[in-house]
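As a plain string of letters, each chain reads:
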Number of protein chains: 2
Amino acid sequence: MRTVFFISDSTGITAETLGRSLLSQFEGVKFRQTRVPFVDSVDNALDCVERLTEAKMRDGVRPIVVTSIVNAEVARTVRQADALFLDMFEHFVGPMEEELGQPSSHSVGRAKGMEDSADYQRRIEAINFSLAHDDGMSHKELEQADVILVGVSRSGKTPTSLYMAMQFGVKVANYPLIPEDFERGKLPTELVKYRPKLFGLTIAPDRLSQIREERRRNSHYASLDNCRFEVDAAQKLMRMEGIRWLDSTHKSIEEIAAIVLQAVDIDESY
Amino acid sequence: MRTVFFISDSTGITAETLGRSLLSQFEGVKFRQTRVPFVDSVDNALDCVERLTEAKMRDGVRPIVVTSIVNAEVARTVRQADALFLDMFEHFVGPMEEELGQPSSHSVGRAKGMEDSADYQRRIEAINFSLAHDDGMSHKELEQADVILVGVSRSGKTPTSLYMAMQFGVKVANYPLIPEDFERGKLPTELVKYRPKLFGLTIAPDRLSQIREERRRNSHYASLDNCRFEVDAAQKLMRMEGIRWLDSTHKSIEEIAAIVLQAVDIDESY
């Protein structure tokens, strides 16, 4: 067992995201992971040194530490511990300073914690939009949607919508395809004029049945037969209506979001 | 203007997260940012080379490229372009291989795109929980909540709840504090027994009024006087009930989430 710390003077989320991606490259190794946010003083740094030393004694091997600390003195203090340090700034900020011909806030010793406020507002608005347009709740202002996800109940529309709003500031509505739609053999009327924004999610019937069982045990809704019928009918409908779709069964939310974004050709420059 | 590309054989979200954190260290420089996901073949890599070359011609300076590409041949192909390359794997994976005494999937040339499935399930469950317990919608299973956020309407509870669920797999309910609570001078009865899980969000009255104006223009609800009254009453109530809180006015969702997590002392090891 190896202990990994993500240490930052801010939220630690960037260090953790980078760190998890690195750890995923080492299969079969067991990692105990700990995020340590807001290490912004020498005192806090000394506490970290203590935790790192404890981890080494407990594990019998030194810990791995992914750091993103702007203040040089704080960073130096943490480095007193015996650990493998992977410093986000060390390898990247230097070359960027040279390339841009200007010192970074890092070098100047000034932290810039806060996010860009326009970007923040855009994400909050997108989250509110996605919440208000979850599960076909509202047709109002659907023209403002960047994407409208469609698919049978529990195919992954809601988490994907919220993730896209939160991560990318994209306004995503979602709309369930229900047995009435299959009987009519047509898209819900409200959606027809938004066809270019539509994207479908489908899912393997046995997985869908499992998920629905957790919600309504032993129901017709959750039965494998019904799930097979709904998934099949939804795919037929999407094919007929020319809606692109993907199978969410073996994909993470991040992957689904990135694929949808690429497919609907939202400009990923900003 | 400098163009920055986040290029990855997977979603590109890790490269983008790291990249944005680096860019934030250079104030005053204008960056045009583009995420290029799913670059997993030499053909795709050659397309990238073309885009990088175009960017250089347009900007008059070479672009900056943050990459996370597992396959060595694909990575090498992208590097044919003239750009500053910041490679997530180059500086970090080597030292980790040495430390752990085993080669990474990166070196072996095998991608590991999918997330850990137990972690994924935990996050989906947390999102569903947070949605079902948004805005005091349900008291059912409130004992399962890891955190219950309280605060006046539009103080940031919903985005924070969803972000914590999505990023950390933490079950967060949220509960509005409303004028009836202030009149009674007491917490909503349903919440009293969960006091250790409660955390408050507060917000500057003028900011709150702005946010509410966007929702219900010229209403009593949005008026500065009413916002002052509500914020003041909510803070009094939280102080009296011994609930910890923070001011969300100048904080990003990520910061609020990290602070709450630390305060309620949810173990951040996993």
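Computed from a predicted structure; not experimentally measured. (Residues numbered from 1 in each chain as written. Chains lettered and ligands numbered in written order. Predicted model: local features only at pLDDT ≥ 70, side-chain atom pairs only at ≥ 80, totals over all residues. Heavy atoms only, no water.)

A. Here's a closer look at the interface of chain A and chain B. Listed as interface residues are 80 residues of chain A and, on the opposing side, 80 residues of chain B. Regarding the contact of chain A and chain B, the summed buried area is about 7,900 Å², with carbon and sulfur atoms giving 60% of it. The interface formed by chain A and chain B contains 6 salt bridges. With a shortest N-O distance of 2.7 Å, Glu99 of chain B and Arg62 of chain A are connected by a salt bridge. Between chain A and chain B we count 9 residue pairs in polar contact (both at pLDDT 80 or more) in total. Per-element accounting of the side of chain A that touches chain B gives the leading share, 10 residues, to helix α4 (residues 88–100) of chain A. When the residues that make up the side of chain A that touches chain B are grouped by side-chain class, the tally is 37 nonpolar, 22 polar and 21 charged. (Contact = heavy atoms within 4.5 Å. Buried area = accessible area lost by both parts, 1.4 Å probe. Salt bridge = Lys/Arg side-chain N within 4 Å of Asp/Glu carboxyl O. Polar contact = N/O pair within 3.5 Å; in protein donor to acceptor, adjacent residues only side chain to side chain. Helix = DSSP H or I, 4+ residues; strand = E, 2+ residues; numbered from the N terminus. Nonpolar A, V, L, I, M, F, W, Y, C, P; charged D, E, K, R; others polar.)

B. Spotlight on the sheet that holds strand β1 (residues 2–8) of chain A. All names here are of chain A. Pairing is parallel across the open sheet formed by 4 strands, whose spatial order is β2-β1-β3-β4. The outermost strands of the open sheet, each flanked by one partner alone, are β2 (31–36) and β4 (84–87). Strand-to-strand twist in this sheet, taken as the mean axis angle between neighbours without regard to direction, amounts to 20°. Alignment of β1 against strand β3 (residues 64–68), held across 5 bridges, turns out to be parallel. Each bridged residue has a counterpart across the sheet, and for Ile7 the counterpart in β3 is Thr67. Sheet contacts for helix α1 (residues 13–23): β1, β2, β3 and β4; angle to β1, the most-contacted strand, approximately 150°. (Pairing = 2+ DSSP bridges. Axes fitted to C-alpha atoms, helices over the stretch in contact; angles between N-to-C directions.)

C. Structural context of the pattern of salt bridges. Evaluation of the coordinates by the stated rule reveals 32 salt bridges over all chains. In this structure, Arg58 of chain B and Asp59 of chain B form a salt bridge, with 3.4 Å as the shortest nitrogen-oxygen distance. We note a salt bridge from Lys236 of chain B to Asp232 of chain B, for which the minimum N-O separation is 3.2 Å. Placement of both Lys236 of chain B and Asp232 of chain B in helix α11 (residues 224–241) is noted, with a separation of 4 residues, approximately one turn of the helix. Through salt bridges with shared partners, a single network forms among Arg2, Lys56, Arg62 and Asp82 of chain A together with Glu99 of chain B.

D. Structural view of the relation of the copies chain A and chain B. The two copies are related by a screw operation: chain A maps onto chain B through 180° of rotation and 0.0 Å of translation along the axis, at an RMSD of 0.1 Å. In the structure described here, the two chain copies are related by an operation that fits a two-fold rotation axis. A symmetric contact is evident, with 100% of the interface residues of chain A recurring at the interface of chain B. (Least-squares fit on C-alpha atoms with pLDDT ≥ 70 in both.)

E. A look at a negative patch on the surface. Where like charges cluster on the molecular surface, the negative patch consists of Asp43, Asp47, Glu50 and Glu54 of chain A. Tracing the sequence through the fold places Asp43 of chain A in helix α2 (residues 42–59). (Patch = residues over 30% accessible without salt bridge, like charges linked within 9 Å, V, L, I, M, F, W, Y side chains within 5 Å. Areas by Shrake-Rupley, 256 points an atom, 1.4 Å probe, with all protein chains shown as cover. Lys, Arg positive; Asp, Glu negative; His and termini not counted. Charge placed at Lys NZ, Arg CZ, Asp CG, Glu CD.)

F. Looking closely at the side chain of Ser248 of chain A. Residue and element names in this part refer to chain A. Inspection of the secondary structure assignment puts Ser248 in the loop between β8 (245–247) and α12 (253–263). Within polar-contact distance, the side chain of Ser248 engages the backbone oxygen of Ser155 at 3.0 Å. With residues up to four places along the chain from it excluded, the contact list for Ser248 reads Ser155, Thr202, Ile203 and Ile256.

G. Local environment of the domain arrangement of chain A. Domain boundaries in chain A define domain 1 (2–108) and domain 2 (117–263). For domain 1 of chain A versus domain 2 of chain A, the separation of C-alpha centres amounts to 39 Å. (Domains from an automatic or database assignment.)

H. Main features of the sheet that holds strand β5 (residues 147–151) of chain A. Residues and elements named next belong to chain A. If you walk across this open sheet you meet the 4 strands as β6-β5-β7-β8, and the pairing is parallel. Each edge of the sheet is formed by a strand with only one pairing partner; in this case those strands are β6 (172–176) and β8. Each strand of the sheet is rotated relative to its neighbour by a mean of 25°, with strand direction disregarded. The pairing of β5 with strand β7 (residues 198–202) spans 3 bridges and is parallel. For Val150, the partnering residue across the bridge sits in β7 and is Gly200. Across the face of the sheet, helix α11 (residues 224–241) comes into contact with β5, β7 and β8 while running at roughly 155° to β7.

I. Spotlight on the pairing of strand β5 (residues 147–151) of chain B. All names here are of chain B. The element β5 is largely enclosed, with a buried count of 5 among its 5 residues. Going residue by residue along β5, you find Val147, Leu149 and Gly151 tucked away on one face and Ile148 and Val150 tucked away on the opposite face as well. Of the pairings in the sheet, the one linking β5 to strand β6 (residues 172–176) comprises 5 bridges and is parallel in character. Pairing of Val147 across the sheet is with Val172, part of β6. Between the parallel elements β5 and β6, the chain passes through helix α7 (residues 157–168) in a crossover that is right-handed. (Buried < 20%, exposed > 50% of the residue type's maximum accessible area, 1.4 Å probe, protein only. Right-handed = clockwise from strand over helix to strand, strands pointing away.)

J. Main features of the packing of aromatic side chains. All names here are of chain A. According to the stated counting rule, one finds 5 aromatic pairs over all chains in the structure shown. Geometrically, the ring pair formed by Phe182 and Phe229 is edge-to-face, given 6.2 Å between the ring centres and 85° between the ring planes. Of this pair, Phe182 sits in helix α8 (residues 179–184) while Phe229 sits in helix α11, and the two are 47 residues apart along the sequence. One Lys or Arg, Arg212, reaches over the ring of Tyr221 and ends 4.2 Å from the middle of that ring. (Phe/Tyr/Trp six-rings, centres within 6.5 Å; stacked < 30°, edge-to-face > 60°. Lys NZ or Arg CZ within 6 Å of the ring centre and 35° of its normal.)

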